[in-house]
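This is what each chain is made of:
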Amino acid sequence: MIAFSPSELALSGNVIDLEKVRVTFGGANNQVTALAETSLRIDHGEFVALVGPSGCGKSTILKLVAGTLAATEGNVFVAGREVGAENARIGMAFQNPTLLPWLNIRDNVMMPLKIVPPFKHGFSRKRKTEYRDRVEQSLARVGLAGFGDKFPWQLSGGMQQRASLCRALIHDPTLLLLDEPFGALDQFTREELWEIMQQLWIEKRPTVVLVTHDLKEAAYLATRICVMQARPGRIVDDSAVSFARPRTIEISFEPEFVSLTQRLRERIVAARAVQEPVS
Amino acid sequence: MTENTRRRLLSIVCILGFFVAWEILCFIFNVSDIVLPRPSQILMTLWTRFPAIWPHALQTLYTTLLGFALGIVIGILLGMLIGSSRLAYDVAYPLLVGFSSIPKVAVVPIFVLWFGAGTVPAVLTAMIMCIFPIVVNVATGLAATEPELRDVMRTLRASKWEILWNIGLPRTMPYFFASLKVAATLAFVGTVISETVASNRGIGNLMMIASSSFDVPLVFAGLFILAALGVALYAIFSLIEGRVTGWAVRSDNFSAGG
């Protein structure tokens, strides 16, 4: 039995909790506000899409949660603890595949198992074959069966991106951070990967934060969409998406879906029209 | 015959051609062997006086390899320190550049003063000759590591040590091996400088004595030995480099060999 302290119990419902967070870059003279004061709570098992034009701070939020960027003001909590000290298993996929060029695809995908507890403790021992099978299954799932021995440069961009998704998922993350991972792919690959991603979310229910500028992608995948605006970056709209699962690509032609993406689009366009001066 | 073997054959023919031309020109212009001995004379000297040359060659090889090994260890450690800390970079870089600008022949007497003549100053001279390129390249390689690759590890909550081991060092390998090839040849230079100045063994010493008695073929025999040792060491590290850092040049051999 694990005993929770009252504060942990209170926070345990939220996987991500941004408390009045602000991020600025630059010195006193030419300060740029990447993210104006923002509070955001994301519950267990939510699939949240952050959409908005470039420069609206959506990637900034993801970096705060990933722990690769520190907030100028405010607090970032992940799984009830200060970011970096949390116990959540985090998986992240980036806009670029960011595979390590000196490792073949199998070893690239296996990397999180080498780093993240509890997997790392079994890494040098007999479980290595077990991990190998795990990687093969994961690769097969995204259509890369048999490519484990190849090196990243021998694969097309789309295939590298698939491998990078495998790497983000191999350690069964409870929190999945996706920074436009489908952005550079052709439409058919993208839709195929959406479907895989949805399947995976239904099966394992990780908490997902997806950064994207594709409204269709957001509406197809997410349970909740936050629309963001630039200069300074902030959340201007936060709405639930309640289409039944599993969703298919056909859903994107239905009137409800179209009107949702229309509404989001108008929200972004309207926000762009009233641009405020740089603070 | 494949493209590769043809290329290799051509290069061998050209290299041999160089020595043949040397031989023929010396013969035509009747160059005295006190000025420039013919390759055939040098090879003859190597053959006939091999028992006398051999211990010197071994001494030089042993000294150089020892100095080289020490240089690699210290070079990597310093490079890692400089490459991962801003303060260390600011402090150590000017010192290193200043130190490497000093002619090494000027340092040998100091080593002799401290450690006496013989093997120790030669090892140390070889070592300081090869530290600089290794440090600079290891530091550059670490500093050039793409931040995105580091971010991948940071989101996995990898420790600093894990990031260095899994990202920094592998990323640095191409730089490191490039520096090793330079350092390997520089180490021979260091050893021979020291042997020439203060030792009674080694190829450097052998050449000193030979030139003072105008035994020019023997001097050239010493040069040939040094060149051969240098080429051999270079070739060994090229081979290792190909196996370890083939990913950097996207070599198909690398992917096939794993």
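Computed from a predicted structure; not experimentally measured. All chains use their own residue numbering, which begins from 1 and follows the written sequence. By the order in which they are written, chains take letters starting at A while ligands take numbers starting at 1. Since the coordinates come from a predicted model, pLDDT governs what is reported: local features require at least 70, and pairs of side-chain atoms require 80 or more to be given and counted, while whole-chain, interface and lining totals use all residues.

Digging into the overall build of chain A
The line we're drawing: Working definition: helices are DSSP H or I runs of at least four residues, strands are E runs of at least two. Numbering for both runs from the N terminus. Radius of gyration here is computed from C-alpha atoms only, and the compact-globule reference equals 2.2 Å multiplied by the residue count raised to the power 0.38. Partly exposed residues are those whose C-beta has more than 12 but fewer than 20 other C-beta atoms within 10 Å; 20 or more makes a residue buried and 12 or fewer makes it exposed, with C-beta atoms placed from the backbone. By the convention adopted here, residues make contact when the C-beta atoms placed from their backbones lie within 7 Å.
Scanning chain A from terminus to terminus reveals eight helices and ten strands. The C-alpha radius of gyration of chain A comes to 19 Å, within 12% of the 19 Å expected for a compact globule of 279 residues. With the principal axes as the frame, chain A shows a C-alpha extent of 60 × 50 × 40 Å. Burial analysis of chain A (279 residues in total) assigns 42% to the buried set. Pairs at least 24 residues apart make up 71% of the contacts formed inside chain A by residues separated by at least 6 positions.

Quick look at the overall build of chain B
For chain B, the count of helices and strands is eleven helices and zero strands. Structurally, chain B occupies a C-alpha span of about 75 × 60 × 30 Å along its principal axes. Nonlocal contacts in chain B, meaning residues at least 24 apart in sequence, comprise 73% of its contacts between residues at least 6 apart.

Topic: the domain arrangement of chain A
Residues and elements named next belong to chain A. This is how it is decided: Domains are outlined according to an automatic or database domain assignment. Here the term charged refers only to Asp, Glu, Lys and Arg, the term nonpolar to Ala, Val, Leu, Ile, Met, Phe, Trp, Tyr, Cys and Pro, and the term polar to all other amino acids, Gly among them.
Once the domains are mapped, chain A shows domain 1 (11–88 + 174–181 + 207–279) and domain 2 (96–173). Just the C-alpha atoms count here: the centres of domain 1 and domain 2 sit 28 Å apart. Contacts between domain 1 and domain 2 engage four residues on the former and five residues on the latter. A class-by-class count of the residues in the side of domain 1 that touches domain 2 yields three nonpolar, one polar and no charged.

Focus on the packing of helix 5 (residues 104–115) of chain B against helix 8 (residues 160–198) of chain B
Residue and element names in this part refer to chain B. Operational definition: To obtain an axis, a line is fitted to C-alpha atoms, over the contacting stretch when the element is a helix, and the angle between two such axes runs from 0 to 180 degrees between their N-to-C directions. Roughly parallel refers to an angle under 35 degrees, roughly antiparallel to one over 145, roughly perpendicular to one between 65 and 115, and oblique to any angle outside these ranges. Left-handed describes a crossing whose near helix is turned anticlockwise from the far helix by less than a right angle; the clockwise case is right-handed.
Their axes nearest at 10 Å, the elements helix 5 and helix 8 cross at an angle of 55°. On the basis of their axis angle, the class for helix 5 and helix 8 is oblique. The way helix 5 lies across helix 8 gives a crossing that is right-handed. Residue-level contacts link K104, V105, V108 and V112 of helix 5 to G190, I193, S194, V197 and A198 of helix 8.

Some details on the sheet that holds strand 3 (residues 47–51) of chain A
Residues and elements named next belong to chain A. Inclusion rule: Strand pairing is defined by DSSP finding a minimum of two bridges between the two strands.
Taken in spatial order, the six strands make up an open sheet running 6-7-8-3-9-10, and their pairing is mixed. Every other strand in the sheet has two partners, leaving strand 6 (90–93) and strand 10 (234–240) as the edge strands with one partner each. Neighbour-to-neighbour, the strand axes of this sheet turn through a mean angle of 15°, independent of strand direction. By the bridge criterion, six bridges tie strand 9 (residues 224–229) to strand 10 in an arrangement that is antiparallel. Residue C226 lies in a different strand from strand 10, and its bridge partner there is D238. Contacts from helix 5 (residues 157–169) reach strand 6 and strand 7 (175–179), with the element oriented near 170° to strand 6.

Topic: the packing of helix 5 of chain B against helix 6 (residues 119–143) of chain B
Residues and elements named next belong to chain B. Packing of helix 5 against helix 6 brings their axes to within 9 Å, and their N-to-C directions diverge by 140°. Considering their axes alone, helix 5 and helix 6 lie oblique with respect to each other. Crossing geometry of helix 5 relative to helix 6 is assigned as right-handed. Here helix 5 contributes K104, V107, V108, F111, V112 and F115 to the contact with helix 6, which in turn contributes V120, P121, L124, T125, I128 and M129. Across the contact of helix 5 with helix 6, the residue classes break down as ten nonpolar, one polar and one charged.

Describing the domain arrangement of chain B
Domain annotation for chain B reports domain 1 (1–30) and domain 2 (37–257). Measuring from the centre of the C-alpha atoms in domain 1 of chain B to the corresponding centre in domain 2 of chain B gives 29 Å.

Examining the pairing of strand 6 of chain A
Residues and elements named next belong to chain A. Burial along strand 6 is two-sided: I90 and M92 facing one way and G91 and A93 facing the other are all buried. Judged from the four bridges that link them, strand 6 and strand 7 form a sheet pairing that is parallel. Of the residues in strand 7, the one forming a bridge with G91 is L176.

Structural notes on the sheet that holds strand 4 (residues 73–78) of chain A
Residue and element names in this part refer to chain A. Pairing within the open sheet is antiparallel, and its four strands lie in the order 2-1-4-5. Looking at strand neighbours, the two that pair on one side only are strand 2 (32–43) and strand 5 (81–82), the edges of this open sheet. For strand 1 (residues 14–25) and strand 4, the ladder comprises five bridges, and the chain directions are antiparallel. Note on strand 4: the bridge partner recorded for L18 is V76. Across the sheet, helix 2 (residues 58–66) is in contact with strand 1, strand 2 and strand 4; its angle to strand 1 comes to roughly 120°.

Side note on the interface of chain B and chain A
Tallying the contact residues gives 14 residues for chain B and 18 residues for chain A. Secondary-structure elements contributing two or more residues to the side of chain B that touches chain A are helix 7 (147–155) and helix 8 of chain B. Here the side of chain B that touches chain A gets seven residues from one element, more than from any other, and that element is helix 7 of chain B. Class assignment for the residues of the side of chain B that touches chain A results in seven nonpolar, two polar and five charged.

Considering helix 10 (residues 216–249) of chain B
To keep things clear, this is the line we draw: Two axes enter the definition of the bend at a residue: one is fitted to the seven residues ending there, the other to the seven starting there, and the bend is the angle between them.
Along its length, helix 10 of chain B reaches its greatest deviation from straightness, about 60°, at R243 of chain B. Of the positions making up helix 10 of chain B, those classed as buried are P217, L218, V219, F220, A221, G222, I225, L226, L229, L233, T245 and W247 of chain B.

A short note on helix 7 of chain B
Along helix 7 of chain B, the positions that sit buried rather than exposed are V152, M153, R154 and T155 of chain B. Against the buried residues of helix 7 of chain B lie helix 2, strand 6, helix 3 (105–115) and strand 7 of chain A together with helix 8 of chain B. Looking one or two residues beyond helix 7 of chain B, the residue adopting positive phi is R157 of chain B, at roughly 60°.

Remarks on the environment of F19 of chain B
Looking at the element boundaries, F19 of chain B is found in helix 1 (residues 3–28). As for F19 of chain B and F132 of chain B, which are separated by 113 residues in sequence, their C-alpha atoms are 34 Å apart.

Describing the environment of T38 of chain A
Relative to the helices and strands, T38 of chain A resides in strand 2. Excluding residues that lie within four positions of it along the chain, T38 of chain A makes contacts with L18, V21, R234 and I235 of chain A.

Some remarks on unusual backbone geometry
A negative phi holds for most residues other than glycine; trans holds for most peptide bonds. Following R245 of chain A, the chain continues into P246 of chain A via a peptide bond in cis, with omega recorded as -10°. Along the chain, P246 of chain A turns up in the loop between strand 10 and helix 8 (255–273). Even without being glycine, K20 of chain A reaches a positive phi, approximately 45°. Mapped onto the elements, K20 of chain A comes out in strand 1. Of note, the phi angle at N30 of chain B is positive, near 55°, even though the residue is not glycine. Within the element layout of this structure, N30 of chain B appears in the loop between helix 1 and helix 2 (39–48). Overall, N30 of chain B belongs to the exposed group, with 6 C-beta atoms counted inside 10 Å.

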